[in-house]
Amino acid sequence: MIQVDVEEERKEILKRYRRLLRHAKPVLKPGDAKFIKQAFNVSLEAHKDMRRKSGEPYIYHPLEVALICVEEIGLGTTSIVAALLHDVVEDTDWELEDIEREFGPKVMTIIDGLTKISGVFEYGSSQQAENFRKMLLTLSDDVRVILIKIADRLNNMRTLGSMPRHKQLKISSETMYLYAPLAHRLGLYAIKSELEDLYLKYTDTDTYKDIVDKINESKSYRNKFIKSFIQPIEEELTRQGFKFSIKGRPKSVYSIYNKMKKQGIPFEEVYDLFAIRIILESELESEKADCWQVYSIVTDFYKPNPDRLRDWISTPRSNGYESLHTTVMSNTGQWVEVQIRTDRMDEIAERGYAAHWKYKDSSGKSNSGLDDWITQVRSMLESNDGNAIEFMDDFRGNLFHEEVFVFTPKGDLKVLPFGASALDFAFEIHTEIGARCIGAKVNQKLVPINQKLKNGDQVEILTSSKQRPNEDWLNSVVTSRAKAKIKDALREEKKSAILDGREIVQRKLKQMKMDFNSETIEKLRAYFELKTANEFYYRVGKGTIDPTSIKSFKDFKENQKLKHKAIQEKVKDESSFTKEIKSLKGPDHDQLLIGEDMDVVDYILAKCCNPIPGDDVFGFVTVNEGIKIHRTSCPNALELLSNHGNRVIKARWTSQKEIAFLAGLHIVGTDRVGLINDVTKVISNELKVNMRSITVDSDAGIFEGTIKLYVHSTEHLDKLMNNLSQVEGIIKVSRFD
Ligand code: MN
């Protein structure tokens with residue numbers, strides 16, 4: 001039993017409640033405070049015996065979620081009330097009817113939505129996707145459901161430290177897989193960055209700490225640099241009578257990490273570690289002119305990089321983001337990104353959807369594509385009755401893409417994801433135009449349907465009444481809308497082919513004097529090695545299976561025997577394969593401990609990330625290959641943890657001495673005679689590791705090599721890498737998966 005000071009705790013709860021009220025005050029209308037108090041009391045009473053994993057009173061959680069809604073998303077009273085009550089129906093015996101009676105239908109609908117989606121990732125994978133779809137469907141009712149859900153998740157991520165390790169991994173991965181992209185799509189940049197940073201903190205703690213330390217170390221240098229960089233700009237802006245503030249902010253830990261990883265460079269080589277932001281006070285009518293005026297001042301002092309100008313003022317991004325970005329050369333020869341925007345734009349950038357709403361109400365200006373986006377998601381959900389996981393992947397795909405701006409022949413602007421084709425554009429205009437598309441004219445030139453569109457293209461779609469969508473088309477489109485429509489059409493076509501096929505099979509069996517029943521069909525399916533009976537009908541219907549070949553099915557029994565043998569053969573192969581891996585681990589290998597009970601379990605190391613002892617790892621129960629061990633930083637980890645969380649198990653290394661693991665090294669250097677010899681000497685002589693392969697490439701004096709070798713642990717590998725980098729001429733040694 002933990003001893004708690006009840007009186008102290010009560011005081012702390014009230015303190016937090018008052019803080020919430022204080023922050024909400026500017027948005028409260030008469031009577032709102034009473035309404036919030038009522039919700040607080042209900043929540044306090046309902047959760048009174050509950051504690052969070054950290055040992056804190058449960059009520060802290062709904063209070064914090066409500067505070068995030070007000071302070072970081074900019075929501076109002078209804079959302080505060082819903083946030084305070086968000087776990088009440090799920091965790092206590094309060095029913096939705098009780099909520100409706102006490103707080104009205106609006107709050108009830110939101111709580112209902114929140115309760116329905118609470119289990120999004122709790123079950124099997126298809127269940128998760130289905131729930132995710134439901135969650136998006138609630139968008140059409142009330143987008144506040146999603147916003148409160150994001151606030152809920154943000155608080156859970158902030159307090160993840162007290163969760164057990166496997167939960168941390170699972171919750172972090174879900175967050176990265178779903179909530180961060182959603183926050184991004186809704187324009188909640190600050191929250192999105194924080195979620196990403198927290199994800200990194202819990203999945204790759206060492207790297208995270210390393211980057212944070214380095215950001216802190218370079219702080220005083222950075223501040224000095226920023227000060228001298230902005231000085232002339234500040235002076236000139238003041239001289240011209242602008243009211244403004246300037247911030248110099250380091251980029252998020254995660255975005256720095258991403259740059260390092262993508263470009264394979266150390267922290268020191270990430271050049272744009274921070275961005276300068278100039279925020280103007282400006283009237284709505286003169287915003288655009290003011291921003292460009294400031295741009296002109298900035299580029300009077302520093303030369304801009306013409307490739308890095310981004311004008312999201314004339315054409316805002318589809319999540320509502322408006323800003324003018326340029327990258328300029330500083331006096332010290334360093335590129336610096338400068339973001340120019342007004343107060344209004346800044347608030348939208350930080351708070352996203354809610355702020356957009358606020359400004360839309362007051363100014364009537366609505367050129368953000370967000371409303372369009374919600375309409376589009378809704379229509380997609382309504383039309384799509386296919387595979388939910390597919391849908392989810394399509395949807396996520398769209399979340400991450402950058403956009404291209406193109407025009408219709410009449411000059412209407414359409415925003416499509418980067419990589420969109422003429423066919424995507426056709427489906428964007430109308431389903432029928434998409435389905436009948438035979439080609440397009442881009443800027444008056446005839447192009448095929450898979451032509452990728454570029455910013456500023458003017459596109460006219462050519463159609464024919466004879467055209468039909470085919471499977472190939474799926475490779476020519478990137479938008480969820482086009483994919484869903486093509487799949488719909490294919491499904492329709494497939495349905496009728498299946499019906500045709502079924503009839504043909506029925507007739508054929510009758511001729512052969514065999515019964516048309518599920519048993520026969522099952523045997524036929526197996527005979528033709530197809531996954532489903534429908535697949536079989538379909539092929540018959542399409543004519544890819546000749547109806548006469550059904551006759552040879554009579555010899556089925558003979559075939560079956562042969563096949564049985566083949567399967568046995570295969571199993572034999574697989575077990576010898578497993579043996580091989582075991583022998584690689586060495587005869588008296590130390591074990592990888594898996595599960596709470598420390599049982600020794602057979603495992604395979606995943607080929608996608610080649611984990612070695614010392615790496616942070618987890619086990620994944622595969623369908624056919626037993627348990628596979630992946631690094632938590634494996635490119636597949638995200639998908640596995642979030643979609644199949646129930647198959648993930650804890651794993652850790654025990655002390656290892658004798659086992660050798662495959663690792664890959666990439667080395668770069670200046671070529672000289674005898675370099676390879678020295679490299680291999682380090683590897684084979686000095687450390688007695690086993691090299692499996694080495695490939696080298698030398699071009700214009702630059703030497704690049706890839707080495708695969710067996711090592712014992714990360715420590716061992718680090719030591720080896722260190723020794724290699726000492727070799728004369730070697731510039732860089734890095735590990736790859
Ligand atoms: Mn919650």
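Our structure is the block above this text.
Below: a short report on this structure. Predicted model only: the values in this text are computed from it and were never measured.

**Observations regarding the sheet that holds strand β3 (residues 310–311)**
At step 1: Strand order in the open sheet formed by five strands is β1-β2-β5-β4-β3, with mixed pairing between adjacent strands. This sheet does not close on itself; its edge strands, each paired only once, are β1 (244–250) and β3.
At step 2: Bridge count for strand β4 (residues 324–329) against strand β5 (residues 335–342) is six bridges, and the pairing is antiparallel. Looking across to β5, one finds that Met329 is bridged to Trp335.
At step 3: The strands touched by helix α12 (residues 219–239) are β1, β2 (274–280), β4 and β5; relative to β2, the strand with the most contacts, the crossing angle is about 25 degrees.

**Let's talk about the environment of Glu428**
At step 1: Checked against the element boundaries, Glu428 lands in helix α19 (residues 422–429).
At step 2: As for Glu428 and Val415, which are separated by 13 residues in sequence, their C-alpha atoms are 9.4 Å apart.
At step 3: When neighbours within four sequence positions are excluded, Glu428 is seen to be in contact with Lys414, Leu416 and Arg481.

**Here we look at the pattern of salt bridges**
At step 1: As enumerated under the stated definition, the model contains 32 salt bridges in all.
At step 2: We note a salt bridge from Arg436 to Glu432, for which the minimum N-O separation is 3.7 Å.
At step 3: A relative accessible area of 42% means that Glu432 is categorised as partly exposed.
At step 4: Between Lys523 and Glu519 there is a salt bridge whose closest N-O contact spans 3.8 Å. Placement of the pair is Lys523 and Glu519 together in helix α22 (residues 518–527), with a separation of four residues, close to one helical turn.
At step 5: By relative accessible area, which is 36% here, Lys523 ends up partly exposed.

**Comments concerning the coordination of the manganese ion**
At step 1: The protein atoms that coordinate the manganese ion are His61 (NE2), His86 (NE2), Asp87 (OD) and Asp152 (OD), at distances spanning 2.2 to 2.5 Å.
At step 2: Linear spacing of the donor residues for the manganese ion on their chain is H-x24-H-D-x64-D.

**Side note on the nonpolar core**
At step 1: Core analysis: the largest hydrophobic core is formed by 57 residues, its most contacted members being Leu84, Leu85 and Ile150.
At step 2: Residue contributions to this core peak at nine residues, all from helix α3 (residues 60–73).
At step 3: Leave out the neighbours within four places in its chain, and Leu84 touches Leu20, Ile36, Ala39, Phe40, Ser43, Pro62, Leu63 and Ala66.

**Side note on the side chain of Ser476**
At step 1: Counting through the fold element by element, Ser476 comes out in the loop between β10 (459–463) and α21 (480–511).
At step 2: Here Ser476 falls in the buried class, since its relative accessible area comes to 13%.
At step 3: If near-sequence neighbours (up to four positions away) are discounted, Ser476 is found in contact with Ser421, Leu423, Asp424 and Asn450.

Definitions and cut-offs
- Residues numbered from 1 in each chain as written.
- Predicted model: local features only at pLDDT ≥ 70, side-chain atom pairs only at ≥ 80, totals over all residues.
- Heavy atoms only, no water.
- Pairing = 2+ DSSP bridges.
- Helix = DSSP H or I, 4+ residues; strand = E, 2+ residues; numbered from the N terminus.
- Contact = heavy atoms within 4.5 Å.
- Axes fitted to C-alpha atoms, helices over the stretch in contact; angles between N-to-C directions.
- Salt bridge = Lys/Arg side-chain N within 4 Å of Asp/Glu carboxyl O.
- Buried < 20%, exposed > 50% of the residue type's maximum accessible area, 1.4 Å probe, protein only.
- Donors = N, O, S within 2.8 Å, 3.2 Å for Na, K, Ca; no water.
- Core = buried A, V, L, I, M, F, W, Y, C linked by side-chain atoms within 4.5 Å.

Interpretation in functional terms is not warranted from these geometric data alone.
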